[in-house]
Amino acid sequence: MKFVFEKRKSTSVPALILVPLISFAVSLVLTALLLAIFGADPFKTYAAMAVGAFGTSHGFAETLVKAIPLMMTGLGVAIAFRLKFWNIGAEGQLTLGGVAAAGVALFMERYFPGRSLLFAALFGGLLAGALWAGIPAILKTTLKVDETLVTLMMNYIAILYSEFLYYGPWRDPKGYGFPGSRMFSANAWLPRIMGRAHVGIWVGIALAIILWLVLKRTRWGFELQIIGASQKAARYQGIAVERNIILAVMLSGALCGLAGAFEITGISHRLQQGLSIGYGYTAIIVAWMSQLNPLAVPFVAIALAGLSVGGDQVQMVMGLPAAMGVVMQGLILFPMLAGSLFTEYRFLVVKPEPRAACPEPSQE
Amino acid sequence: MSETVIPKVEMRGISKSFPGVLANDCVDLMLHRSEVLALLGENGAGKSTLMNVLCGLYRPDKGEIYINGSYADIHSPRDAQKYGIGMVHQNFKLVDSMSVLENIILGLKDEPFIPDFKRVRQRLVDLAAQYHLKVDPNANIWQLSVGEQQRVEILKLLYRNAEILILDEPTAVLTPQESHELSRVVHAMKQEGKSAVFITHKMEEVMEFSDRVMVLRKGKVVAEARTADTTPKELARMMVGREVLFQIEKKPFCPGEVVLELSNIDALGDRGLLALNNVSFQLRAGEILGIAGVAGNGQRELAEVVTGLRRSTKGALRIGNKDMTNKSPLEIIRQGVAHIPQDRSSVGAVGDLSVASNLAMKQYRSRPLAAGIFLLPKRIVDLARALIEKFHIATPSPQTQVKFLSGGNVQKTILAREIGAARTVMVAVYPSRGLDVGATETVRRQLINQRDGGLGVLFFSEDLDELLQVSDRIAVLFEGRIMGIFDADKADIEQIGMLMAGMSKEATA
């Protein structure tokens with residue numbers, strides 16, 4: 001008797017629904033064990049989390065605040081990953097997008113009167129993200145430089161550059177030594193819809209739908225699909241593989257850059273510490289959990305944001321150690337990620353076949 | 001067993017089948033001490049399968065192996081190693097980023113947790129000297145030439161006291177000089193009482209290396225002889241086989257204008273060596289030009305140059321009456337050139353995409369499948385349904401991923417798509433390889449239909465019967481050169497076999 005994992009021949013719809021539910025149940029049980037060890041009532045804790053993240057208008061708004069950048073960077077990462085371009089530079093692209101948006105909003109007001117300043121700032125962020133992502137894309141397609149390292153290292157460059165700016169030349173002279181630029185004109189502020197949550201949520205959802213349409217319904221999307229599945233096949237079909245990879249990765253960077261621009265124009269209204277707090281890395285989890293499907297990204301982003309906000313609530317309401325929230329997030333993600341194995345594979349128990357005896361003796 | 005001497009290896013009644021193929025059919029093999037046995041046969045004749053059984057990679061469905069007269073139960077390469085059997089595979093199993101010494105040490109069972117590098121190195125150096133296998137123990141594998149890497153593989157086996165060495169087409173990757181060095185190494189091993197099985201399909205090497213030769217065809221042993229008692233010509237005939245030709249109806253040959261012309265084309269292979277050497281020929285409308293040759297003699301490179309996937313370093317390519325030298329694949333597709341590639345699963349078709357997507361891959365750029373930048377999914381599915389019916393592609397639905405189709409149906413999918421895109425030239429590389437009889441017939445029939453419809457067809461095959469049956473003319477490719485072009489109805493199969501094995505025209509006369 002032996003146990004094997006066999007790749008599923010087709011996507012099983014029941015598995016697609018059941019596996020996440022079961023995984024989630026396993027998460028809850030595991031977390032409950034942990035909570036019990038710390039003497040907290042698991043049910044109360046879960047209730048506190050749910051209420052904290054979704055039950056109050058303040059909590060829900062904060063969940064959205066976190067969901068917007070996760071959504072944007074998640075979409076960006078998903079696009080690049082579909083091409084098997086491992087862009088783990090979303091954090092840097094987001095940071096530089098924020099820097100560019102702040103730069104435009106702070107220093108180019110006289111060129112962009114009135115509300116046009118906001119659009120200029122957003123466009124600046126988008127462009128910065130695209131160009132920043134374009135560098136590893138060009139290095140990869142022309143010199144075959146591994147994109148994982150380049151995108152990762154470029155994050156540090158972008159983050160340190162942003163620090164240099166708000167600790168140095170852009171620092172607000174009236175800021176009492178607080179590291180950050182001055183606040184820019186309200187013309188460049190993104191309208192808010194609820195608490196600190198801004199219209200970026202609508203943009204994110206719209207972009208998810210547009211991206212899905214581009215991928216599924218356009219010639220370019222079809223080409224990207226072929227490239228992602230097999231570059232050799234794409235080349236054989238006459239598709240310009242390198243050019244398309246560069247374009248798609250720049251699109252990925254543009255989405256991340258826009259995420260940064262949203263953070264600056266929608267939340268902080270200045271360039272300051274707290275722009276690069278890891279959204280670009282969580283985006284990788286968002287993209288994977290969405291199975292690189294743009295339509296799933298908003299849901300996953302909101303769920304993960306809720307988990308994070310709810311986790312923070314647990315610390316305050318239940319008086320648990322600060323690290324507990326993070327541990328819980330991890331415990332909940334783990335079974336979810338492990339469970340995805342069962343949507344792609346099925347588990348079989350195989351009984352050994354009896355060996356057939358040789359009926360015909362070899363003729364000598 | 002009439003032999004008085006106990007053979008070193010005896011394989012009895014080995015059968016091994018893979019889905020759809022009987023790779024070995026009750027094969028018997030014997031190998032004596034200090035003997036080199038050449039295993040000769042066309043691609044797919046079952047040579048590698050048989051040797052993979054011996055070295056423990058495959059379990060035979062039937063049959064037994066005896067080593068030095070006693071039954072050997074070989075379940076894994078590790079078991080085989082215990083019996084002194086070792087194999088040098090076509091693609092080497094070395095760790096590129098490690099040194100020669102480290103590669104030798106990897107997997108050594110008797111070494112302590114921290115290996116005694118000094119002792120291993122000393123023994124390695126001694127062995128290298130003894131067998132003329134010059135190699136620097138400190139060099140990293142990636143720095144070595146292919147020939148040197150092969151030496152490391154052989155040293156690895158010798159270090160593990162292998163008595164029976166299996167060399168799978170060892171000269172395929174070597175320069176002539178390196179081949180001669182290898183011949184010295186094999187000779188030295190023989191002197192030490194070691195035995196070797198040498199897989200090849202080149203006659204000259206059989207003559208140069210072996211004491212005895214065994215010819216496999218379609219999984220069966222068709223001949224066995226002492227090398228000294230046979231001739232290359234005889235071997236060529238045994239390897240290729242003489243079977244009654246099964247005629248396919250086709251219109252009389254009446255070629256039209258030249259649709260494809262290569263003049264003095266040179267091109268490099270993936271390893272940067274010359275893969276096409278001064279290739280020139282013309283292909284006319286309404287003609288099938290068959291390219292005969294053993295795989296790896298420039299076929300893939302030739303097909304890729306014609307379809308724009310590989311740059312030529314010299315010479316000119318004309319399609320229709322336009323110069324298309326080193327134009328992009330898309331520009332060549334736009335000239336109406338279709339291509340059934342050698343590698344179906346990763347180049348010709350995309351396994352993760354649906355049958356419908358695969359069928360649309362050449363025509364998605366324009367009407368009726370697209371409107372502006374948008375695709376029209378309904379029309380794509382309609383086209384797919386029509387092609388699935390016309391070409392009898394067995395698939396549960398147009399949405400099924402191609403990876404779940406059988407090889408024959410994958411090939412029909414590619415064929416259906418490429419025929420739709422072909423207007424001047426069809427390049428078909430081993431289109432019937434590995435297909436069952438029915439699918440093979442479909443493929444051949446369709447190629448002939450294309451020819452009858454006025455296309456030029458460049459048809460690559462390793463099966464001489466098939467080439468003779470389908471082609472109007474046959475060109476023989478050997479080591480990147482065209483050795484000769486014959487009219488199919490007047491061709492001499494033996495002569496073609498000799499040319500395929502690199503014997504020049506003079507030698508065959």
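Values in this document were obtained by computation on a predicted structure and should not be read as measured data.

**Here we look at the overall build of chain B**
Across its full length, chain B carries 18 helices and 22 strands. Compactness check: chain B gives a C-alpha radius of gyration of 25 Å against a globular reference of 23 Å for 509 residues, within 12% of the reference. With respect to the principal axes defined by its C-alpha atoms, chain B has extents near 70 × 55 × 45 Å. Looking at chain B as a whole, 57% of its 509 residues are labelled buried. Residue pairs at least 24 apart in sequence account for 68% of intrachain contacts in chain B once pairs closer than 6 positions are excluded.

**As for the domain arrangement of chain B**
All names here are of chain B. Split by domain assignment, chain B resolves into domain 1 (9-240) and domain 2 (258-508). Taking both sides of the interface into account, the surface hidden between domain 1 and domain 2 amounts to around 1300 Å²; carbon and sulfur atoms contribute 64%. The interface formed by domain 1 and domain 2 holds zero salt bridges in total. Across the contact surface, domain 1 and domain 2 share zero residue pairs in polar contact (both at pLDDT 80 or more). Every element with two or more residues in the side of domain 1 that touches domain 2 is listed here: helix H7 (203-209) and helix H8 (232-240). In terms of residue count, the dominant contributor to the side of domain 1 that touches domain 2 is H8 (five residues). Partitioned by chemical class, the residues of the side of domain 1 that touches domain 2 number five nonpolar, two polar and five charged.

**Quick word on the pattern of salt bridges**
Residue and element names in this part refer to chain B. All told, the structure shown has 31 salt bridges over all chains when counted by the stated rule. Between Asp73 and Arg59 there is a salt bridge; the shortest N-O distance is 3.6 Å. Pair noted here: Asp73 is in the loop between strand S5 (70-72) and helix H2 (77-82) and Arg59 is in the loop between helix H1 (47-54) and strand S4 (62-67), with a separation of 14 residues, a long-range link. For Asp73, a relative accessible area of 33% puts it in the partly exposed group. Residues joined by salt bridges that share partners form a network here, namely Asp270, Arg300, Glu304 and Arg310.

**Quick look at a nonpolar patch on the surface**
Residues and elements named next belong to chain A. On the surface, Val13, Leu16, Ile17, Leu18, Leu21, Ile22, Val26, Val29, Leu30 and Leu33 cluster together to form a nonpolar patch covering roughly 910 Å² of accessible area. Assignment of secondary structure puts Val13 in helix H1 (residues 13-37). Note on Val13: relative accessible area 53%, which makes it exposed.

**Structural notes on the interface of chain A and chain B**
Listed as interface residues are 28 residues of chain A and, on the opposing side, 41 residues of chain B. Contact between chain A and chain B buries roughly 2800 Å² in total, counting both sides, with carbon and sulfur atoms accounting for 59%. Here chain A is connected to chain B by zero salt bridges. For the pair chain A and chain B, the interface holds 11 residue pairs in polar contact (both at pLDDT 80 or more). Taken together, the elements giving at least two residues each to the side of chain A that touches chain B come down to helix H8 (219-229) and helix H9 (231-236) of chain A. Among the elements that take part in the side of chain A that touches chain B, H8(A) stands out by supplying six residues, more than any other. Its residues placed into classes, the side of chain A that touches chain B shows nine nonpolar, eight polar and 11 charged.

**Quick word on the nonpolar core**
Of all hydrophobic cores here, the largest spans 134 residues; its most connected members are A:Ile226, A:Leu271, B:Ala292, B:Met426, B:Phe459, B:Val476 and B:Ile496. Broken down by element, this core gets its largest block of residues, 12 residues, from helix H10 (residues 241-268) of chain A. In this structure, A:Leu271 is in contact with A:Gly98, A:Val99, A:Ala102, A:Ser162, A:Leu165, A:Tyr166, A:Trp170, A:Gly180, A:Ser181 and A:Ile264, ignoring residues within four places of it in sequence. The next biggest cluster of nonpolar side chains, apart from the first, holds 37 residues, and it includes B:Val120, B:Val152, B:Leu155 and B:Phe198.

**A few points about the packing of aromatic side chains**
Residues and elements named next belong to chain A. If you walk through the whole model with that rule in mind, you get 10 aromatic pairs over all chains. A centroid spacing of 4.9 Å and a plane angle of 75° characterise the contact between Phe81 and Trp86, whose relative ring orientation is edge-to-face. Overall, the relative accessible area of 31% leaves Trp86 in the partly exposed class. Seen in terms of ring centroids, Phe81 and Trp288 are 5.5 Å apart; in terms of plane orientation they differ by 50°. Their pairing is tilted. Residue Phe81 is located in helix H3 (residues 57-82), and its partner Trp288 is located in helix H11 (residues 279-289); the two are separated by 207 residues in the primary sequence. Given the relative accessible area of 4%, Phe81 is considered buried.

**Some remarks on the confidence of the model for chain A**
Here chain A shows a mean pLDDT of 87. Residues at 70 or above account for 92%. Segment residues 352-364 of chain A: pLDDT under 50, and 15 contacts once partners within four positions in sequence are set aside and those in other chains are kept.

**Digging into the sheet that holds strand S3 (residues 36-40) of chain B**
Within a sheet, each strand pairs with its neighbour through backbone hydrogen bonds, oriented either parallel or antiparallel. Residues and elements named next belong to chain B. Taken in spatial order, the six strands make up an open sheet running S6-S7-S8-S3-S9-S10, and their pairing is mixed. Whereas interior strands pair on both sides, the edge strands pair on one side only; in this sheet they are strand S6 (85-88) and strand S10 (220-226). The mean angle between the axes of side-by-side strands here comes to 20°, regardless of whether they run parallel or antiparallel. Both strand S9 (residues 212-217) and S10 contribute to a ladder of six bridges, which runs antiparallel. Looking at S10, one finds that Val213 is bridged to Ala225. Packing of H1 onto the sheet brings it into contact with S3, S6, strand S7 (164-168), strand S8 (195-200) and S9, and relative to S8 it is tilted by some 150°.

Calculation notes
- Residues numbered from 1 in each chain as written.
- Chains lettered and ligands numbered in written order.
- Predicted model: local features only at pLDDT ≥ 70, side-chain atom pairs only at ≥ 80, totals over all residues.
- Heavy atoms only, no water.
- Helix = DSSP H or I, 4+ residues; strand = E, 2+ residues; numbered from the N terminus.
- Rg over C-alpha atoms; globule rule 2.2 N^0.38 Å.
- Buried < 20%, exposed > 50% of the residue type's maximum accessible area, 1.4 Å probe, protein only.
- Contact = heavy atoms within 4.5 Å.
- Domains from an automatic or database assignment.
- Buried area = accessible area lost by both parts, 1.4 Å probe.
- Salt bridge = Lys/Arg side-chain N within 4 Å of Asp/Glu carboxyl O.
- Polar contact = N/O pair within 3.5 Å; in protein donor to acceptor, adjacent residues only side chain to side chain.
- Nonpolar A, V, L, I, M, F, W, Y, C, P; charged D, E, K, R; others polar.
- Patch = residues over 30% accessible without salt bridge, like charges linked within 9 Å, V, L, I, M, F, W, Y side chains within 5 Å.
- Areas by Shrake-Rupley, 256 points an atom, 1.4 Å probe, with all protein chains shown as cover.
- Core = buried A, V, L, I, M, F, W, Y, C linked by side-chain atoms within 4.5 Å.
- Phe/Tyr/Trp six-rings, centres within 6.5 Å; stacked < 30°, edge-to-face > 60°.
- pLDDT = per-residue confidence, 0-100.
- Pairing = 2+ DSSP bridges.
- Axes fitted to C-alpha atoms, helices over the stretch in contact; angles between N-to-C directions.

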